[in-house]
Amino acid sequence: MKKTDLFSRTEYPRHTPARTRTSPSRSPLAPYVLGHLPADLTAVAHGRGTYGELAAKQCRILRELDDGIPQVTDADSAALLQLDLLFMLNGYLPAGPSAFPRPLLDAVAAQRARFPMLDLYLSYETLIDVNCAEWDRTGDIRVFSESRLGLLERDFYLGHHLAEPPARIAFDLLRALVLEPDAVGTAAFLEGALHSLDDFRSHMAQYGRLPTEAFHAFRPYHMSYPGGPRGASGAFMPSVHLLELVLLPPTPQYGVYLDESLPYFPTWARPLVTEWRTLSGQGDNVMDAVLDGRLKLDDRAATTLLRVIDTFTDFRMAHLGITRKALPEAFAADARPTRKAIAAQAGERDVLGRGAPGTSGFTVQGVLTNAVYRLLAARRSLTEFLD
Ligand code: HEM
């Protein structure tokens, strides 16, 4: 792609710093990770350096800091330092975990021993939540890629961060409906949820402009550790799954996915996802409440609920199209995943089965088409009920 192509598309959501820099980073490794790591990784990727040389340089930096185990005293600084250490560690992923330098692994483990809430691998919470919170605070964000590709990588992380609130608002509004189905204002609650989901969907649609080149530059650093923990992925984005749970009951295959995913959701989200999985499975979800008559819909509310499901499906179809463009090899060549084709599937796919794995370790085609399949099946039940 030509240089100018990256920035010439005005529709692509370019993010500018939320705040001007106000306070220095609380991680002693920030100057290296923010200022030098992307260039070092580019040099190795282009054969201008080796992983051995990179390890020697990083171990020297570590030794200069508190004799290999950098020290911080508060939890926020510890989370940032862990982010830096894990960015350094994941830089070796393209060469496989055998390339992880022992002193780096020791520093990650020592940090975790002191602050048990920290992850030992680059989780969604570390990559997106901790990284973007620092962006909100200081305007600094960690990326693996250099220069223009780095800016696009930054926007990919911020895209997830900024998409959480509208999906969360939709969840909160639907939760209020499910918990108090007799309250007045059902249509207004659904309209509020629809409005937020509309934001969420349009936000996603803009990511069709993210050049595939940028995605391929950073993706190798997000992968699961072979035989170890799953990598960071939208698959562990909490608001989207809370929204699905409050909208419809979990299917058995979605249960398999949730069983596997739970430890990879951000720490704060795990009890909430567990709670809503249980509630939803017991019938506390919008679909079951409508179908068993607890939640009464007038025409306005019924139309809006259908639009809520359609808009959530639009989000997932837009995302599916973008992913298919970025990772064509992850989709069976003979199966174009249109709405019609997905609706006609005999059921959900096995997300743990064969097929190209995503950074989450689940099969990409399984995760993304199942997510659409469940919404289309719910819409079908709802229209049959309303007819
Ligand atoms: C170039 C842009 C993007 C690409 C290529 C992409 C790719 C993927 C892939 C391959 C998966 C399958 C799971 C896995 O990683 O193993 C996935 C899942 C997911 N991604 Fe993305 N993603 C992109 C942008 C986004 C953005 C901006 C968001 C949030 C607004 C997002 C939210 C999700 C969600 C929620 C899932 C789980 C499936 C679902 O519940 O619908 N993705 N993504």
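Residues numbered from 1 in each chain as written. Predicted model: local features only at pLDDT ≥ 70, side-chain atom pairs only at ≥ 80, totals over all residues. Heavy atoms only, no water.

A few points about the pattern of salt bridges
Phase 1 of the analysis: Summed over all chains, the structure comprises 21 salt bridges.
Phase 2 of the analysis: In this structure, Asp 314 and Arg 201 form a salt bridge, with 2.6 Å as the shortest nitrogen-oxygen distance. Here Arg 201 lies in helix 9 (residues 186–205) and Asp 314 lies in helix 15 (residues 299–326), a separation of 113 residues in the sequence.
Phase 3 of the analysis: Between Glu 244 and Arg 316 there is a salt bridge; the shortest N-O distance is 2.8 Å. In this pair, Glu 244 sits in helix 11 (residues 238–247) while Arg 316 sits in helix 15, placing the two residues 72 residues apart along the sequence. For the pair Glu 244 and Arg 316, one class covers both residues: buried.
Phase 4 of the analysis: Three or more residues are tied together by salt bridges with common partners; here these are Arg 26, Asp 76, Glu 134 and Arg 137. (Salt bridge = Lys/Arg side-chain N within 4 Å of Asp/Glu carboxyl O. Helix = DSSP H or I, 4+ residues; strand = E, 2+ residues; numbered from the N terminus. Buried < 20%, exposed > 50% of the residue type's maximum accessible area, 1.4 Å probe, protein only.)

A word on the domain arrangement of the protein
Phase 1 of the analysis: Taken as a whole, the protein is organised into domain 1 (28–120) and domain 2 (147–386).
Phase 2 of the analysis: Taken over C-alpha atoms, the centre of domain 1 sits 33 Å from the centre of domain 2.
Phase 3 of the analysis: For the domain 1 and domain 2 pair, buried surface summed over both sides reaches about 760 Å², with 62% attributable to carbon and sulfur atoms.
Phase 4 of the analysis: Between domain 1 and domain 2 we count zero salt bridges in total.
Phase 5 of the analysis: Considering every element that reaches the side of domain 1 that touches domain 2, the biggest residue donor is helix 5 (residues 75–90), with four residues.
Phase 6 of the analysis: Grouping the constituent residues of the side of domain 1 that touches domain 2 by class yields nine nonpolar, two polar and one charged. (Domains from an automatic or database assignment. Buried area = accessible area lost by both parts, 1.4 Å probe. Nonpolar A, V, L, I, M, F, W, Y, C, P; charged D, E, K, R; others polar.)

A short note on helix 4 (residues 51–64)
Phase 1 of the analysis: With 14 residues, helix 4 extends 20 Å between its outermost C-alpha atoms, agreeing within 8% with the 20 Å of an ideal straight helix rising 1.5 Å per residue.
Phase 2 of the analysis: Residues Leu 54, Ala 55, Gln 58, Cys 59, Ile 61 and Leu 62 constitute the buried set of helix 4. Along the long axis of helix 4, the arc covered by the buried residues comes to 155°, so they all point the same way. When the buried face of helix 4 is taken as reference, the exposed residues oriented beyond 90 degrees from it are Gly 52, Arg 63 and Glu 64.
Phase 3 of the analysis: Summarising the contacts, the buried residues of helix 4 are in contact with helix 2 (30–35), helix 3 (37–45), helix 5 and helix 6 (102–114).
Phase 4 of the analysis: Just downstream of helix 4, Asp 66 is the residue with a positive phi angle, here 45°. (Expected span 1.5 Å × (residues − 1). Arc of directions from axis to C-beta. Contact = heavy atoms within 4.5 Å.)

Notes on the site of the ligand
Phase 1 of the analysis: Around the ligand, the surrounding shell holds 24 residues, and the nearest of these are Ser 233, Arg 316, His 319, Gly 358 and Ser 360.
Phase 2 of the analysis: Interatomic distance of 2.9 Å between a side-chain N/O atom of Arg 316 and an oxygen atom of the ligand.
Phase 3 of the analysis: Contact between the ligand and His 319: a nitrogen atom at 2.8 Å from a side-chain N or O atom of the residue.
Phase 4 of the analysis: If you map the ligand onto the pockets, it falls in the largest cavity.
Phase 5 of the analysis: Sorting elements by how many residues they give to the shell around the ligand places helix 15 first, with five residues.
Phase 6 of the analysis: Of the residues in the shell around the ligand, the class split is 14 nonpolar, nine polar and one charged. (Near = heavy atom within 4 Å. Polar contact = N/O pair within 3.5 Å; in protein donor to acceptor, adjacent residues only side chain to side chain. 1 Å grid on protein atoms, 1.4 Å probe; cavity = no way out; pocket = protein on both sides within 12 Å on 5 of 7 lines; lining within 4 Å. Sits in = over half its atoms within 2 Å of the grid points.)

Examining the packing of aromatic side chains
Two aromatic rings, taken as a pair, are described by how far apart their centres are and by the angle between their planes.
Phase 1 of the analysis: Scanning all chains against the criterion turns up 17 aromatic pairs.
Phase 2 of the analysis: With a centroid separation of 5.7 Å and 90° between ring planes, the pair formed by Phe 171 and Trp 276 is classed as edge-to-face. With Phe 171 in helix 8 (residues 147–179) and Trp 276 in helix 13 (residues 269–281), this pair connects stretches of sequence that are 105 residues apart.
Phase 3 of the analysis: The exposure class assigned to Phe 171 is buried, which follows from its relative accessible area of 0%.
Phase 4 of the analysis: Here Trp 276 falls in the buried class, since its relative accessible area comes to 1%.
Phase 5 of the analysis: Within the aromatic cluster, the residues linked to one another by ring pairs are Tyr 121, Phe 236, Tyr 254, Tyr 257, Tyr 264, Phe 265 and Phe 362.
Phase 6 of the analysis: Positioned above the aromatic ring of Phe 362 is the side chain of Arg 230, whose terminal nitrogen or guanidinium carbon lies 4.1 Å from the ring centre. (Phe/Tyr/Trp six-rings, centres within 6.5 Å; stacked < 30°, edge-to-face > 60°. Lys NZ or Arg CZ within 6 Å of the ring centre and 35° of its normal.)

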